[in-house]
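What follows is the residue order along each chain.
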Number of protein chains: 2
Amino acid sequence: MSQEAVNGVPCRGKVLTVENMNPNVKRVEYAVRGPIVQRAVQIEKELREGVKKPFTEVIKANIGDAQAMGQRPITFFRQVLALCSYPELLEDNKFPEDAKQRARRILDACGGHSIGAYSASQGIECIRQDVARYIEKRDGGISSSPDNIYLSTGASDAIVTILKLLVCGEGRDRTGVMISIPQYPLYSAALADLAAVQINYYLDEDNCWSLNVAELKRALNEAKQHCKPRVLCIINPGNPTGQVQSRQCIEDVIRFAKEEHLFLMADEVYQDNVYAEGCKFHSFKKVLFEMGPEYSSTVEMASFHSTSKCYMGECGFRGGYMEVINMDPEVKAQLTKLVSVRLCPPVPGQALLDLVVNPPQPDEPSYTSFMKERTAVLAALAEKARLTEEIFNTVPGITCNPVQGAMYTFPRITLPPKAIDKAKAEGKVPDMFYCMKLLEEEGICLVPGSGFGQKDGTFHFRMTILPPTEKLKVVLQKIRDFHLRFTNEFS
Amino acid sequence: MSQEAVNGVPCRGKVLTVENMNPNVKRVEYAVRGPIVQRAVQIEKELREGVKKPFTEVIKANIGDAQAMGQRPITFFRQVLALCSYPELLEDNKFPEDAKQRARRILDACGGHSIGAYSASQGIECIRQDVARYIEKRDGGISSSPDNIYLSTGASDAIVTILKLLVCGEGRDRTGVMISIPQYPLYSAALADLAAVQINYYLDEDNCWSLNVAELKRALNEAKQHCKPRVLCIINPGNPTGQVQSRQCIEDVIRFAKEEHLFLMADEVYQDNVYAEGCKFHSFKKVLFEMGPEYSSTVEMASFHSTSKCYMGECGFRGGYMEVINMDPEVKAQLTKLVSVRLCPPVPGQALLDLVVNPPQPDEPSYTSFMKERTAVLAALAEKARLTEEIFNTVPGITCNPVQGAMYTFPRITLPPKAIDKAKAEGKVPDMFYCMKLLEEEGICLVPGSGFGQKDGTFHFRMTILPPTEKLKVVLQKIRDFHLRFTNEFS
């Protein structure tokens, strides 16, 4: 690193440069908060400074952040959190008894009766018990043990932790991890960071982004030539693609995982976000156990959930959990040790998770208002899912699968060859060029499909369906107008 | 992984076993929550189940968790957090105006005015501004930019992130990281996880655990034979050793870092915890800038702080920040990208950090009670620091340096040769044998010195000084009695 001497003093560069830093970190990409979002933040600043634009606000439809889009938090949850934060309020008559009872129970389980104390690294025990009961109820009575539950800092934290356990080997023995394309880029980012081998399997856009086991086999067999595949990651309901897997599909995937001796990772953070008629959320755990002991006692799996999505949308609290199934006890001990290094997940997020898995019951005072709020959010999302598909499919050059679940649409866009050439000339991938132009002209921030992966030669973007209905209509109209103008400009 | 066939069906082991898992994870150790703490949790369970023990409760002096030890949270902080959690309380006359004003300001800076929204990955901008102002005030006006502040999930998160950027190379080119011995085991755990080379430099127990630059040189020169040293980590005030570095020492360390072209990591999470007369906290940043532009414009550094310690002890919220100084702009862009993958630090922890760096001012209604609470906590800690040193030094076979700062004592214990033999026969390191026996006989949970590192042939334990004064006296008395009994038993 020594450079030329200046006046006899050796002039050295930085200790840490982009040339000599961790090369794995350099390979990490995370489009959901990539260059387009950075530009969006800049534009917002320019607007505040009075710079004239063809729009008055930036609408960030790039990230699944419900409350940023105006969704109100669930009252009961926030009452309990306030009580936990400032227990003097337990004497206040304004708070309903069930909220107080929940807060007391959480505080009693905290060190020194305070959410300011560290918890056990695996999470507060009574909350893990509540999670296990929630899973049992969700899965029609299939048993769940609190010992298999690990609370986490959002689902991302748990996903990265499990991947970290699984990655080993060098060269052709390096661990390969199968991920869907399109994928949620946390996966590719984590794999780059861990220097694991990413194995792409493609979802079938023509069949509503369904997962095809023949495609899993193709991808696996190719990958076996250059790595050791060990892990299969599934996102259901799908992000960014919004599909909901059928029970049959899940069975096929589990059978495949067993045959091919793969560890299953089931990202089920959108489990309450199912809108399309005839669609239903089936947990991998439930299907696994219904397939009988040959499967339920052998297939190793981790399933992930979070407080960030569904009807509550409390992303800022970074709450989440995972359930591990059939994990080797010695590996579990290693997992417990590994999570202890970071001490514990944020306790307010743990408290919030407890409320999500143990919400007001029919005989409790907050039940009616809780159900009203919950139902309103989910009904609005269902309406917005329908609206998005409907309007996009009226635009020539945009085709959009039904948004069966989750919070996103991932429509395919036809780009004129001249636009593709122009993008290339500017050194941009074509859908980034498209999205950047949309941002500059209409103030709408989407994420280019290339950030999630897509079949070569196809182009998409991801948009959340989260803006309030009236605003969503405006957004869809603006994208429609832009798309027609764009197509015209480059034809 | 194929094993023998049973009835013709090939019987395969687990996909993920302790043999084939990530070997770096296996090397991770974190004694602060290691086997002794697991046994303590078991004993607590046994006590609840009515098992007779020679004590009625386990006292966990293993971890710096003030609120678990009965310390009350700062009222003002919790009022603002309750207001942020449940903004309907902003209409409540029970809350002081300054608490409401803080809450409004934080909420205005949140997406959708809610702490349930994601924040910018680097942290909420106005909070980063407050952190920068706090640092400027602390450091006598030396400027700090919000662009150099990254909020984090506790300090641990930020420390691991910076280490991750710095680690690269293979074999003799692998990055070496200098850490003090004794150290806080987050460092050794992170280095194992990253497969970096740990370079030990020993603190001088005979000189109150001071840091000696000659020892840094020795360690560095030895390490150069087998790795590429790039990083020097300092903990000041010290954990587990409780020393406070002199200004001169810090200058020497900075000079050494510059000469040897090392990136400096200054773990300053105990910056408010200074008790000994004549001791004062000097930030590395301030000393660096006072050394003139030759240093302040070249030495690369990251400094870490947290909401978990000091007078507030809010560990459960996982709040923290780091300031990076002289970091290459391209590396900073990589850092920003890397933290974006995890979306954002928990927003309640960010809000709490804002209160820590911007507490009530003399003209505000909450000032008097805030100062009263803060002063009471720090005065009690100072008294407990004094008491701990005093009582331990009356015990033959225990020698204890002054607890100048932080929250721990790390006394040296003399173990009879017979005890050492007995421990070895049981396959335990001698201080683990000692601490385990103390736990079983007295219900006191400490961490063996071997978990932090110590000179060969010496033995220590780490104990927090956090129990309430009267309980601390009992703990010290029990350890005294145990030590005498133990020495007697093995003599």
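Analysis parameters
- Residue indices follow the written sequence of each chain, beginning from 1 at its first position.
- Numbering of ligands from 1 and lettering of chains from A proceed in the order in which they are written.
- Whole-chain, interface and lining totals are the exception, using all residues; otherwise, since this is a predicted model, local features are given only for residues with pLDDT of at least 70 and side-chain atom pairs are given and counted only at 80 or more.
- Only hydrogens and water are removed before side-chain values are computed, so all heavy atoms of the structure are retained for them.
- UniProt positions are given in the numbering used here, feature names are shortened, and annotations may be inferred rather than shown by experiment.
- Helix and strand assignments follow DSSP, with helices taken as H or I runs no shorter than four residues and strands as E runs no shorter than two, numbered in order from the N terminus.
- Each residue is placed in one exposure class: buried if its accessible area under a 1.4 Å probe, protein chains only, is under 20% of its type's maximum, exposed if it is over 50%, and partly exposed if it falls in between.
- Here, two residues are considered to be in contact whenever any of their heavy atoms come within 4.5 Å of each other.
- The accessible surface values rely on the Shrake-Rupley method and a 1.4 Å probe; as for residues, cover is taken only from the protein chains in view.
- To qualify as a nonpolar core, a set must consist of buried Ala, Val, Leu, Ile, Met, Phe, Trp, Tyr and Cys residues joined through side-chain atoms within 4.5 Å.
- Fitted lines through C-alpha atoms give the axes, limited to the stretch in contact for helices. The angle between two N-to-C directions lies from 0 to 180 degrees.
- In what follows, roughly perpendicular refers to angles from 65 to 115 degrees, roughly parallel to angles under 35, roughly antiparallel to angles over 145, and oblique to any angle outside these ranges.
- In this scheme, a crossing is called left-handed if the near helix is turned counterclockwise away from the far one by less than a right angle; it is called right-handed if the turn is clockwise.
- Only Asp, Glu, Lys and Arg are considered charged in this grouping, and only Ala, Val, Leu, Ile, Met, Phe, Trp, Tyr, Cys and Pro are considered nonpolar; every other residue, Gly among them, is considered polar.
- Accessible area, probed at 1.4 Å, shrinks when two parts are joined; the buried area is that loss added up over both.
- Throughout this description, the term salt bridge denotes a Lys or Arg side-chain nitrogen within 4 Å of a carboxyl oxygen of Asp or Glu.
- For the purposes of these results, a polar contact is taken to be a pair of N or O atoms within 3.5 Å, where, inside protein, one atom must be able to donate a hydrogen and its partner to accept one; residues adjacent in sequence count only when each atom of the pair is a side-chain atom.
- Any two strands between which DSSP finds at least two bridges are classified as paired.
- Helix span is expected to be 1.5 Å times the residue number reduced by one.
- Classification of ring pairs uses Phe, Tyr and Trp, with its six-membered ring standing for Trp, and accepts pairs whose centres are within 6.5 Å; under 30 degrees between planes counts as stacked, over 60 as edge-to-face, and the remaining range as tilted.
- Here, over-ring charges are defined by two tests on the NZ atom of lysine or the CZ atom of arginine: distance to the ring centre within 6 Å, and angle to the ring normal within 35 degrees.

Chain A carries the name alanine transaminase in an unreviewed UniProt entry, which gives Poecilia formosa as its organism. Chain A has a UniProt comment under Pathway (unreviewed entry) that states "Amino-acid degradation; L-alanine degradation via transaminase pathway; pyruvate from L-alanine: step 1/1."

S.K.: How do you make sense of the overall build of chain A when you look at a structure like this?
M.R.: Scanning chain A from terminus to terminus reveals 17 helices and 16 strands. On the principal axes, the C-alpha backbone points of chain A span a range of 65 × 65 × 55 Å. Within the span of chain A, comprising 491 residues, buried residues form 64% of the whole. For chain A, contacts bridging at least 24 residues in sequence account for 70% of all contacts bridging at least 6. Of the roughly 18,200 Å² of accessible surface on chain A, 51% is carried by carbon and sulfur atoms.

S.K.: Explanation requested: the nonpolar core in the structure shown.
M.R.: Considering soluble globular proteins, one finds that nonpolar side chains tend to be buried as a cluster. Among the nonpolar cores identified, the biggest contains 360 residues, and Ile162 of chain A together with Ile162 and Ile479 of chain B are the most heavily contacted of them. When sequence neighbours within four positions are dropped, the list of residues in contact with Ile162 of chain A reads Phe263, Met265, Ala302, Phe304, Met322, Val324, Met327 and Leu335 of chain A.

S.K.: Whenever I open this one, the packing of helix 14 (residues 367-392) of chain A against helix 17 (residues 469-489) of chain A confuses me. Can you help?
M.R.: Each pair of packed helices can be described by the angle between their axes along with the distance between the axes. Residue and element names in this part refer to chain A. Direction vectors running N to C along helix 14 and helix 17 enclose 20°, while the axes themselves pass 10 Å from each other. Relative to helix 17, the element helix 14 lies roughly parallel. The element helix 14 and its partner helix 17 pack so that their crossing is right-handed. Contacts between helix 14 and helix 17 pair Lys384, Leu387, Thr388, Ile391 and Phe392 from the former with Thr469, Leu472, Lys473, Leu476 and Ile479 from the latter. A breakdown of the residues in the contact of helix 14 with helix 17 according to their chemical character gives 6 nonpolar, 2 polar and 2 charged.

S.K.: I would appreciate a short explanation of the interface of chain B and chain A in the present structure.
M.R.: The interface of chain B with chain A comprises 94 residues on the first partner and 94 residues on the second. At the boundary of chain B with chain A, total buried surface from both sides reaches about 7,800 Å², with 57% on carbon and sulfur atoms. In this structure, the connection of chain B to chain A is made through 8 salt bridges. Of the charged contacts in the structure, one is a salt bridge between Glu88 of chain A and Arg72 of chain B, with a shortest N-O distance of 3.5 Å. Between chain B and chain A we count 46 residue pairs in polar contact (both at pLDDT 80 or more) in total. Elements with a contribution of two residues or more to the side of chain B that touches chain A: helix 1 (23-27), helix 3 (75-85), helix 6 (154-166), helix 7 (186-193), helix 9 (247-260), helix 12 (329-340) and helix 13 (347-357) of chain B.

S.K.: For this particular structure, what's the right way to read unusual backbone geometry?
M.R.: Trans peptide bonds make up the majority, and among non-glycine residues the majority have a negative phi. Going from Ile181 of chain A to Pro182 of chain A, the amide bond is cis rather than trans, its omega being 0°. As for its placement among the helices and strands, Pro182 of chain A is situated in the loop between strand 5 (175-181) and helix 7 (186-193). In this model, Asn326 of chain B sits at a positive phi of 60°, which is unusual for a non-glycine residue. With respect to the secondary-structure elements, Asn326 of chain B resides in the loop between strand 10 (319-325) and helix 12.

S.K.: Would you mind going over the sheet that holds strand 9 (residues 301-306) of chain B with me for this structure?
M.R.: Within a sheet, adjacent strands bond to each other through the backbone by hydrogen bonds, running parallel or antiparallel. Residue and element names in this part refer to chain B. Sheet architecture is open: 7 strands sit in the order 4-10-9-8-7-5-6, paired in mixed fashion. Sheet topology places strand 4 (149-153) and strand 6 (197-202) at the edges, where each strand pairs with a single neighbour. Averaged over all pairs of adjacent strands, the angle between their axes in this sheet comes to 25°, without regard to strand direction. With 5 bridges joining them, strand 4 and strand 10 adopt antiparallel strand pairing. Paired with Leu151 across the bridge in strand 10 is Tyr321. In the packing of helix 7 onto the sheet, contacts are made with strand 5 (175-181), strand 6, strand 7 (228-235) and strand 8 (263-267), and the angle to strand 5 comes to roughly 160°.

S.K.: Is there a simple way to explain helix 5 (residues 125-138) of chain A in this structure?
M.R.: Side chains of residues three or four places apart in an α-helix project in the same direction, reflecting 3.6 residues per turn. Residues and elements named next belong to chain A. For helix 5, with 14 residues, the first-to-last C-alpha span of 20 Å sits near the 20 Å given by 1.5 Å per residue. All of the buried residues along helix 5 are Cys126, Ile127, Arg128, Asp130, Val131, Ala132, Tyr134 and Ile135. Positive backbone phi, approximately 65°, marks Gly140, located one or two places after helix 5.

S.K.: Just to check I follow, could you spell out the pairing of strand 4 (residues 149-153) of chain A for this structure?
M.R.: Within a regular strand, the side chains alternate between the two sheet faces. By the criterion of burial, strand 4 of chain A is predominantly enclosed, with 5 of the 5 residues buried. Burial along strand 4 of chain A is two-sided: Ile149, Leu151 and Thr153 of chain A facing one way and Tyr150 and Ser152 of chain A facing the other are all buried.

S.K.: Could you clarify how one ought to interpret the pattern of salt bridges in this entry?
M.R.: Pairs can form between side chains of opposite charge once their charged atoms are near each other. Summed over the entire model, instances satisfying the criterion amount to 74 salt bridges over all chains. The residue Arg485 of chain B makes a salt bridge to Glu441 of chain B at a minimum N-O spacing of 2.7 Å. One end of the pair, Arg485 of chain B, is in helix 17 (residues 469-489); the other, Glu441 of chain B, is in helix 16 (residues 430-442), with 44 residues separating them in the sequence. Sharing partners across several salt bridges, the network here consists of Arg247, Glu251, Asp252, Arg255, Lys286 and Glu290 of chain A.

S.K.: When you look at the UniProt feature "domain: Aminotransferase class I/classII large" (unreviewed entry) in chain A in this model, what are you seeing that I'm missing?
M.R.: Here the UniProt-annotated "domain: Aminotransferase class I/classII large" (unreviewed entry) positions come out as residues 80-479 of chain A. As a span, residues 80-479 of chain A carries 42% helix and 14% strand, and end to end its C-alpha atoms are 41 Å apart.

S.K.: Looking at this structure, I do not really get the packing of aromatic side chains. What am I missing?
M.R.: Geometrically, a pair of aromatic rings is defined through the distance of the ring centres and the angle of the planes. A complete count under the given rule lists 32 aromatic pairs over all chains for this structure. Taking the centre distance of 5.9 Å and the plane angle of 40° together, the rings of Phe77 of chain A and Phe370 of chain A count as tilted. Of this pair, Phe77 of chain A sits in helix 3 (residues 75-85) while Phe370 of chain A sits in helix 14, and the two are 293 residues apart along the sequence. For the pair Phe77 of chain A and Phe370 of chain A, one class covers both residues: buried. For the ring pair Phe482 of chain A and Phe486 of chain A, a centre distance of 5.6 Å and an interplane angle of 40° mean the geometry is tilted. Of this pair, Phe482 of chain A and Phe486 of chain A both sit in helix 17, separated by 4 residues, roughly a single helical turn. Just as Phe482 of chain A is buried, Phe486 of chain A falls in that class too. Through a chain of ring-to-ring contacts, the aromatic side chains of Phe392, Phe433, Tyr434, Phe461, Phe482, Phe486 and Phe490 of chain A assemble into a single cluster. The lysine or arginine in question, Lys258 of chain A, covers the ring of Tyr295 of chain A, its NZ or CZ lying 5.8 Å from the ring centre. Over the face of the ring belonging to Tyr408 of chain B we find Arg462 of chain B, whose NZ or CZ atom lies 3.9 Å from the ring centre.

S.K.: Help me understand helix 7 of chain A in this model?
M.R.: Residues and elements named next belong to chain A. With 8 of 8 residues buried, helix 7 lies mostly within the body of the structure. Every buried residue belonging to helix 7 is among Leu186, Tyr187, Ser188, Ala189, Ala190, Leu191, Ala192 and Asp193, and all of these are buried. Where helix 7 ends, the next residue or the one after it, Ala195, has phi of about 55°, a positive value.

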